Amino acid sequence: MTARPGHRTSPGTATSGPGRGEGSPPPASVRPAVRDGLGVGISVGVSGLAFGAAAVTAGLSVAQACVLSLLAFTGASQFALIGVVGGGGNLVAGTLGAVLLGARNGLYGLRLAGMLRVRGWRRLLSAHVVIDETTAVATGQPDDRSARAGFYTTAVSLYLAWNLSTLAGAVGAARIGDPRTFGLDVLGPAVFLALLWPRLTAGRAEARVAVAAAVLAIAATPLLPPGVPVMLAAVAALAGLRAPARDRTADGTTGGTTGEMVGGAAGGETAAETAGDASTGSGTGDAEAAGGTAGEGRKGLGA
Amino acid sequence: MNTWIAVLATAAGCYALKLGGLVTPQRILEDPRVRRFTELVPVALLTALVAVQTFAAGRALELDAPRLAGLGAAVAALLLRAPFLVVLVIAAGTAALLRLLTG
C-alpha cells in the first residue's frame, strides 16, 4: 500500500505523454481513495478506545481485549461478545452470536473478491481486513484500482489505530470513565452514515433497501439476540432486486455518466484498465456499480 | 466455557467467514440478480448497523437524546456537504456538549 502514494509523487510523469503512462499510472486517480482510507481508518480506529474500556469494564483482561482486536478485528462482533461476557450471559451462545454477526463480512468478501483479485498468502492476509469500513471505502471508489488503494489504506490505518487504541482504552479504562461523555458512541453510526450517504442519495433502489433494512433491524431488536437483527436485515437487499425496470435504467444511466466523468478526468489509463477488466467478467460490473457513487463519494469523504 | 476460549473461538469463526467470502468462486456472481444482491447487501447491513447503534441498547430500544441529536447534526452536516472528518467531529461534539449541559 505504501507504494501507491509513492507513485503519485514520481515527478513529471503526469504530463510527459501517454506513451509513458503504461509504466507509471496517472497520479491523480488513487489519491482520493487513499485520503478516504486514512480518514476512515484513523477516525474509526480511535473508537477502539471505547472498545478497550468497555471490554475491561465487562470483565475481560487487558490481554483478552487486545487479542480480540488483533485476531477478530471486526468491531460489531467484538462488542457483541463483551456484551454477553459483561451481562453474565452464556458464553457459547455469545460466541455464536458474535460469529453470526461476522457473517456479513463473508458477504462483503464475495463483493470484494472481484475488485481485490488476490491469491495465496495475500488473500489470507486480505481476508482478515474484510470488514464494514474497508468495504464501505472500497465500494465507494470509481474503479478497481482506487478500490484496492482505498481498501488497503483503510485496512492498514484502521488496524493500527484500532489495536493501539484498544490497548490504551483497556489500560486506561478506569481513567477514561464513560466514553459516552465524549460522544464516542455516536462515532460508529456517524461513520457508517457518512460512508453510506452518497449511495443512499444516488439511487432509488439503494434508498429503498436502506429504509427496509433500518425498519427490519429496529423491529427485530426486541425479539432477537443482539447481532441477529443486523444480519436479518440482509433480507432487505431483496427489496432492491424486485426493483421495477425504470429504477434499473436510472441506476445504469447514473453509473455510465459518472464513469465517463471519472475516465475523462483520470486520462486514458483508467479507461484502458476498465476495458481490461471487462475480460475478467466481473470487472465491468464492479466499475459500473462503483461508478454510480463515485462522484458523490468524493464530495462526501473529501476530508 | 472459559472467556479465553470464547475470545479465540470468536476470532477463528470471524476469520473463517471473512475468508469464505473471498474464496467463494466468482462464478456465482455471473447471475445478474446474485451480483445485484451482493451490491445491495452492504447497503442493507450498514444501514441496519446505523439504526441499531442509534436506537438500541442490547435488546431494548432507547431514545438517547444526545445521541439522536449527534446523528441529527451529522445528517445536517452531510446535507451541507461537509467533509467526512467534520461530520464526525460535529456528531460527537454535539452529543458530548449536550451530555455536558444536561449533566
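Predicted model only: the values in this text are computed from it and were never measured.

**Q** In this structure, what is going on with the overall build of chain B? I would like to understand it.
**A** The number of helices and strands found in chain B is 4 helices and 2 strands. Each helix and strand of chain B, placed in order from N terminus to C terminus, yields the pattern α-α-β-β-α-α. Of all 103 residues assigned to chain B, the portion counted as buried reaches 50%. Of the contacts made within chain B by residues no fewer than 6 positions apart, 32% connect residues no fewer than 24 positions apart.

**Q** I'm lost on the UniProt feature "transmembrane region" (unreviewed entry) in chain B in this one. Help?
**A** Residue and element names in this part refer to chain B. Under the UniProt annotation, "transmembrane region" (unreviewed entry) lies at residues 40-61 and 68-98. Across residues 40-61, the secondary structure splits into 73% helix and 18% strand, with the terminal C-alpha atoms separated by 26 Å. Split by type, residues 68-98 is 87% helix and 0% strand. Its first and last C-alpha atoms lie 11 Å apart.

**Q** What exactly am I supposed to notice about helix α13 (residues 204-220) of chain A here?
**A** Helical geometry note: an α-helix holds 3.6 residues per turn, so side chains three or four residues apart project in the same direction. Under the 1.5 Å per step criterion, the end-to-end length of α13(A) is 24 Å for 17 residues, consistent within 8% with the ideal 24 Å. Within α13(A) the residues assigned to the buried category are A:Ala205, A:Glu206, A:Val209, A:Ala210, A:Ala212, A:Ala213, A:Ala214, A:Leu216 and A:Ala217.

**Q** Mind showing me how you'd approach the environment of A:Pro226 here?
**A** Structurally, the position occupied by A:Pro226 is in the loop between α13 and α14 (228-232). Beyond its immediate stretch of four places on either side in the chain, A:Pro226 contacts A:Ala80, A:Gly83, A:Gly97, B:Gly58 and B:Arg59.

**Q** Looking at this model, I keep getting lost on the packing of helix α3 (residues 48-57) of chain A against helix α10 (residues 144-171) of chain A. Mind explaining?
**A** To describe two helices that pack against each other, one gives the angle between their axes and the distance between the axes. Residues and elements named next belong to chain A. At a minimum axis separation of 6 Å, α3 and α10 run at an interaxial angle of 40 degrees. The pairing of α3 with α10 is recorded here as oblique in orientation. Where α3 crosses over α10, the handedness of that crossing is right-handed. Mapping the contact onto sequence places Gly48, Leu49, Ala50, Phe51, Gly52, Ala53, Ala55 and Val56 in α3 and Ala161, Trp162, Asn163, Ser165, Thr166, Leu167, Ala168, Gly169 and Ala170 in α10.

**Q** How should I be thinking about the nonpolar core in this particular structure?
**A** The tendency in soluble globular proteins is for nonpolar side chains to be buried as a group. One finds B:Ala44 and B:Ala48 to be the most contacted residues of the largest nonpolar core, which totals 116 residues. Take this core: its biggest share by element is 13 residues, from helix α2 (residues 32-55) of chain B. Residue contacts for B:Ala48: discarding those within four places in its chain leaves A:Ala213, A:Ala214, A:Leu216, A:Ala217, A:Pro229, A:Val230 and A:Ala233.

**Q** How should the interface of chain B and chain A be read in this particular structure?
**A** Listed by partner, the interface residues are 64 residues for chain B and 86 residues for chain A. For the side of chain B that touches chain A, the elements supplying multiple residues, two or more each, are α1 (3-23), α2, β2 (60-61), α3 (65-79) and α4 (84-102) of chain B. Among the elements that make up the side of chain B that touches chain A, the one with the highest residue count is α2(B) (22 residues). Residues of the side of chain B that touches chain A, tallied by class, amount to 41 nonpolar, 14 polar and 9 charged.

**Q** Hey, could you run me through the confidence of the model for chain A in this one?
**A** Regions with low pLDDT carry predicted coordinates that are not meant to be interpreted in detail. All names here are of chain A. Counting all residues, the mean pLDDT for chain A is 72, and 68% of those residues have values of 70 or more. Under a pLDDT of 50 for its full length, residues 1-23 has, in the predicted model, 22 contacts with residues more than four places off or in other chains. Within the model, the stretch residues 244-303 combines pLDDT values under 50 with 102 contacts to residues more than four positions away or in other chains.

**Q** Whenever I open this one, helix α2 (residues 31-45) of chain A confuses me. Can you help?
**A** Under the 1.5 Å per step criterion, the end-to-end length of α2(A) is 21 Å for 15 residues, consistent within 8% with the ideal 21 Å. Of all the 15 residues making up α2(A), 13 are buried; the element is thus mostly covered by neighbouring parts of the structure.

**Q** I would appreciate a short explanation of the UniProt feature "transmembrane region" (unreviewed entry) in chain A in the present structure.
**A** Residue and element names in this part refer to chain A. UniProt records the feature "transmembrane region" (unreviewed entry) at residues 79-103, 149-170, 182-200 and 212-239, using the numbering of this structure. Between the first and last C-alpha atoms of residues 182-200 the distance is 28 Å; the span itself is 89% helix and 0% strand. A helix fraction of 61% and a strand fraction of 0% characterise residues 212-239, whose end C-alpha atoms lie 8 Å from each other.

**Q** Honestly, the packing of α3(B) against α4(B) in this entry has me stumped. Any pointers?
**A** Residue and element names in this part refer to chain B. At a minimum axis distance of 8 Å, the contact between α3 and α4 shows a crossing angle of 150 degrees. Accordingly, the angle class assigned to the pair α3 and α4 is roughly antiparallel. Of the two elements, α3 crosses α4, and the hand of that crossing is right-handed. Residues Ala65, Pro66, Arg67, Ala69, Gly70, Leu71, Ala73, Ala74, Ala77 and Leu78 of α3 form the contact with α4, whose participating residues are Val86, Val87, Ile90, Ala91, Ala92, Thr94, Ala95, Leu98 and Arg99. Here the residues of the contact of α3 with α4 sort into 15 nonpolar, 2 polar and 2 charged.

**Q** Teacher, can you tell me more about the confidence of the model for chain B here?
**A** Averaged over all residues, the pLDDT of chain B is 89; the fraction at 70 or higher stands at 99%. Interface confidence for the predicted complex, given as ipTM, is 0.84, next to a pTM of 0.64.

**Q** Looking at this structure, I do not really get unusual backbone geometry. What am I missing?
**A** A negative phi angle is the norm for most residues apart from glycine, just as the trans form is the norm for most peptide bonds. All names here are of chain A. Positive phi is not limited to glycine here, since Phe73 has a value of about 45 degrees. Among the residues examined, Phe73 registers 25 C-beta atoms within 10 Å and is labelled buried. Even without being a glycine, Arg117 presents a positive backbone phi close to 45 degrees. For Arg117, the location among the structural elements is in the loop between α7 (103-116) and α8 (120-128). Given 16 C-beta atoms within a 10 Å radius, Arg117 is considered partly exposed.

Cut-off values and rules
- Residues numbered from 1 in each chain as written.
- Chains lettered and ligands numbered in written order.
- Predicted model: local features only at pLDDT ≥ 70, side-chain atom pairs only at ≥ 80, totals over all residues.
- Helix = DSSP H or I, 4+ residues; strand = E, 2+ residues; numbered from the N terminus.
- Buried ≥ 20, exposed ≤ 12 C-beta atoms within 10 Å, placed from the backbone.
- Contact = placed C-beta atoms within 7 Å.
- UniProt positions renumbered as here; feature names shortened; annotations may be inferred.
- Expected span 1.5 Å × (residues − 1).
- Axes fitted to C-alpha atoms, helices over the stretch in contact; angles between N-to-C directions.
- Parallel < 35°, antiparallel > 145°, perpendicular 65-115°, else oblique.
- Left-handed = near helix turned anticlockwise from the far one by under 90°.
- Core = buried A, V, L, I, M, F, W, Y, C linked by C-beta atoms within 7 Å.
- Nonpolar A, V, L, I, M, F, W, Y, C, P; charged D, E, K, R; others polar.
- pLDDT = per-residue confidence, 0-100.

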